[in-house]
Amino acid sequence: MFRFVGAVRLKRVLAVLGAVAGVLAVAVGGGVFWVWRAAEVSTVGAEAFDTELRVPPVAPSRVRADGTRVFDLRMQAGSTEFRPGAATSTWGFNGGYLGPTLRARRGERVEVNVRNGLDEPSTVHWHGMHLPAAMDGGPHQPVPAGGAWTPSWTVNQPAATLWYHPHPHGGTEQHVQRGLAGMFLVDDDATQRLALPHSYGADDLPLIVQDVKFRGAQFDHGHAMFRDVGFLGTRTMVNGTLSPYRRVDAELVRLRLLNASAARVYAFGFADNRDIALVGTDGGLLSHPETVTRVPLSPGERAEVVVRMRPGETAVLRSYPPDGGGGFWGRRFSGGDDCFDVLQLRAARQLRPAAPLPATLTDPELPDARNAVRKRDFDLAMATINGRGMDMSRVDHTIVRGTTELWTVRNQDGMPHNFHVHDVQFRVVDMNGAPPLPTLRGPKDTVFLPAGATATLALRFDGPPDPDHPYMYHCHLLYHEDLGMMGQFVVVEPGQQAGAPPYSHHGH
Ligand code: C2O
Ligand code: CU
Ligand code: CU
């Protein structure tokens, strides 16, 4: 009897508990579903394109008697009106936001007077540049608040669209997001003679693409819920211009696209899906133009494309949902469902006729995988490479100068990562075992790795040898980089040992 009553009561209690759990599950599920739905971003059709695209000025330089081209770059805090009447606190080089375009020729010696006008230390890294490790501007070359740093090197690489940005250990995302970034264009004689658009700011446009979010007039750099990739913004900006348009008066227009965003991956194309001639990747021109309709770019990557305009038309550069792999959850929260209207090009009624694009561009200087003397593996898993986080006093790899290596990079996560190597331009030998697509056939310093992807790279390390100063490799999703998804290598003469990185001498 007692047992029977007890069983009835138990059933009732269970039923009530079940109902409560059900209501909770529906509430939590509904909440999660709401967050999932709200995570999708699209500005397609929503941009007014009412602000003329700003073009970063070419940095003035002077040439000393010994032939060295000298630039001045000062990091400073300021404010910028992205919209009239709304002043946003920003950082910039020689100005309120972003920096001037540095430009030098292959063979030239350059020197940059970097001054830090901020009230905290930072660094300036020359992304994509082949140069001595002590000039690289990574975390080992901090410039103290109020201090200066004067790196100097000889430019010795093909014409390319490179860039510069801070690289302070643990603080890169913030420093770049506040506005510290600029382009560094390398020119060379061979490609200068090619029939490619090259009037800077007219038919040759630098496009620094960033995603941003505002709270009132100020930037909101907060990471939203479930964003394991880091910061994702709600709209895009080009060269610090919101809702930009640009008038063009030539039939062919070259766009130098730089993804200077913290974590956002773009898949650029045009709203009408017109053909795009891809002419260059991170480290320079391809052997010949490749016709594509989409150009995927993960943080840090660049592409040079040429687009054909018809008189009087407008064309909208759009970013389509990028293919970052992963399930529906990972895709949504890493921006894989997002679309942006990025820039409107307005063609004049009369367009300057352009010569057809050359059938061949250059002979890209790409390492040959058959020359590889050594293989290394890099396994990427949230905030670690090969299970370890960045340690500035640990040299992870010692590489002999003048040798070619094969690196296998595996993304073991359900979210996207990418992989950037300082000092070199590498060849993508294969992606998931298949030959690289056109967008991965040129010289690269950063490669996108969708969830679960594996890439094989051929890299040649030409030094100069310096056992004491390391170069970095890392995920260029800046939150991941800041978390320590980074390692270090030194380039040495045969038989030489790695020294102790300077950071450890200073005992920080
Ligand atoms: Cu663009 Cu190590 O960075
Ligand atoms: Cu770099
Ligand atoms: Cu990453």
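Given the structure is predicted, the values throughout are model-derived calculations rather than measurements.

Draft legend 1. View of the coordination of the copper ion (ligand 3). Looking at the copper ion (ligand 3), one finds its protein donor set to be H417 (ND1), C475 (SG) and H480 (ND1), positioned 1.9 to 2.1 Å from the metal centre. Counting along the primary sequence, the residues that act as donors to the copper ion (ligand 3) give the motif H-x57-C-x4-H. With H417 in strand β30 (residues 417-421) and H480 in helix α5 (residues 478-483), the pair connects residues that are 63 residues apart, well separated along the chain. On the basis of relative accessibility, which here comes to 0%, the residue H480 falls in the buried class.

Draft legend 2. Broad picture of the coordination of the copper ion (ligand 2). Looking at the copper ion (ligand 2), the protein donor atoms are H125 (NE2) and H420 (NE2), and they sit 1.9 Å from it. Separated by 295 residues along the polypeptide, H125 in strand β7 (residues 125-127) and H420 in strand β30 bring together distant segments of the chain. A residue is classified by how much of its surface remains accessible, and H125, at 1% relative accessible area, is buried. Here H420 falls in the buried class, since its relative accessible area comes to 0%.

Draft legend 3. Examining the side chain of E304 more closely. Looking at where E304 falls in the secondary structure, it is placed in strand β23 (residues 302-308). The contacts of E304, once residues within four sequence positions are left out, are A160, T161, R254, L255, R256, A277, L278, V279, G280 and L285.

Draft legend 4. View of the sheet that holds strand β1 (residues 51-52). Taken in spatial order, the 6 strands make up an open sheet running β1-β17-β25-β24-β19-β22, and their pairing is mixed. In this open sheet, the two strands that pair with only one neighbour each are β1 and β22 (295-297). Here 3 bridges tie strand β19 (residues 266-270) to β22, and the two strands are oriented antiparallel to one another. Residue pairing in the sheet places A267 in a bridge with P296 of β22.

Draft legend 5. Up close: unusual backbone geometry. Omega for the bond connecting G463 with P464 falls within 30 degrees of zero, at 5 degrees, which places this linkage in the cis form. Structurally, P464 can be placed in the loop between β33 (454-461) and β34 (471-474). Of note, A383 is a non-glycine position whose phi angle comes to about 70 degrees, a positive value. Here A383 lies in the loop between β26 (372-381) and β27 (384-385). Judged by its relative accessible area of 16%, A383 is buried. Phi at D423 is positive, roughly 75 degrees, even though this residue is not glycine. In this fold, D423 is placed in the loop between β30 and β31 (427-431). On the accessibility criterion, D423 (3% relative accessible area) is buried.

Draft legend 6. Inspection of the nonpolar core at higher detail. Counting residues in hydrophobic clusters, the biggest one holds 32 residues, and the most contacted among them are W407, F419, V421, L457 and F489. Contributing elements (two or more residues each) for this core: β26, β29 (403-411), β30, β31, β32 (446-449), β33, β34 and β35 (486-492). No other element matches the 4 residues that β33 contributes to this core. Taken domain by domain, this core gets at least three of its residues from each of domain 3 (204-352) and domain 4 (369-492). Among the nonpolar cores identified, the runner-up in size contains 31 residues, and V292, V305, A315 and V342 belong to it.

Draft legend 7. Inspection of the packing of aromatic side chains at higher detail. All chains considered together, the criterion is met by 29 aromatic pairs. An angle of 50 degrees between the planes, with centres 5.4 Å apart, marks the rings of F378 and F419 as tilted. Within this pair, whereas F378 is found in strand β26, its partner F419 is found in strand β30, the two being separated by 41 residues in sequence. With respect to class, F378 is no different from F419; both count as buried. Members of the aromatic cluster, connected to one another through ring pairs, are F378, W407, F419, F461, Y471, Y473 and F489. Over the ring of F270 we find R274; its NZ or CZ atom is 5.7 Å from the centre of that ring. Between the NZ or CZ atom of R294 and the centre of the ring of Y320, over which it lies, the distance is 3.5 Å.

Draft legend 8. Expanded view of the pattern of salt bridges. Throughout the structure, instances matching the rule amount to 39 salt bridges. The salt bridge involving R302 is made with D445; its shortest N-O contact spans 2.7 Å. Note that R302 is positioned in strand β23 and D445 in the loop between β31 and β32, a separation of 143 residues in sequence. Using a relative accessible area of 0% as the deciding quantity, one classes D445 as buried. The partner of D377 in a salt bridge is R410, and the shortest N-O contact between them spans 3.9 Å. Within this pair, whereas D377 is found in strand β26, its partner R410 is found in strand β29, the two being separated by 33 residues in sequence. On the accessibility criterion, D377 (40% relative accessible area) is partly exposed. Look at R410 and you get partly exposed, because its relative accessible area is 30%.

Rules used throughout
Residues numbered from 1 in each chain as written. Chains lettered and ligands numbered in written order. Predicted model: local features only at pLDDT ≥ 70, side-chain atom pairs only at ≥ 80, totals over all residues. Heavy atoms only, no water. Donors = N, O, S within 2.8 Å, 3.2 Å for Na, K, Ca; no water. Helix = DSSP H or I, 4+ residues; strand = E, 2+ residues; numbered from the N terminus. Buried < 20%, exposed > 50% of the residue type's maximum accessible area, 1.4 Å probe, protein only. Contact = heavy atoms within 4.5 Å. Pairing = 2+ DSSP bridges. Core = buried A, V, L, I, M, F, W, Y, C linked by side-chain atoms within 4.5 Å. Domains from an automatic or database assignment. Phe/Tyr/Trp six-rings, centres within 6.5 Å; stacked < 30°, edge-to-face > 60°. Lys NZ or Arg CZ within 6 Å of the ring centre and 35° of its normal. Salt bridge = Lys/Arg side-chain N within 4 Å of Asp/Glu carboxyl O.

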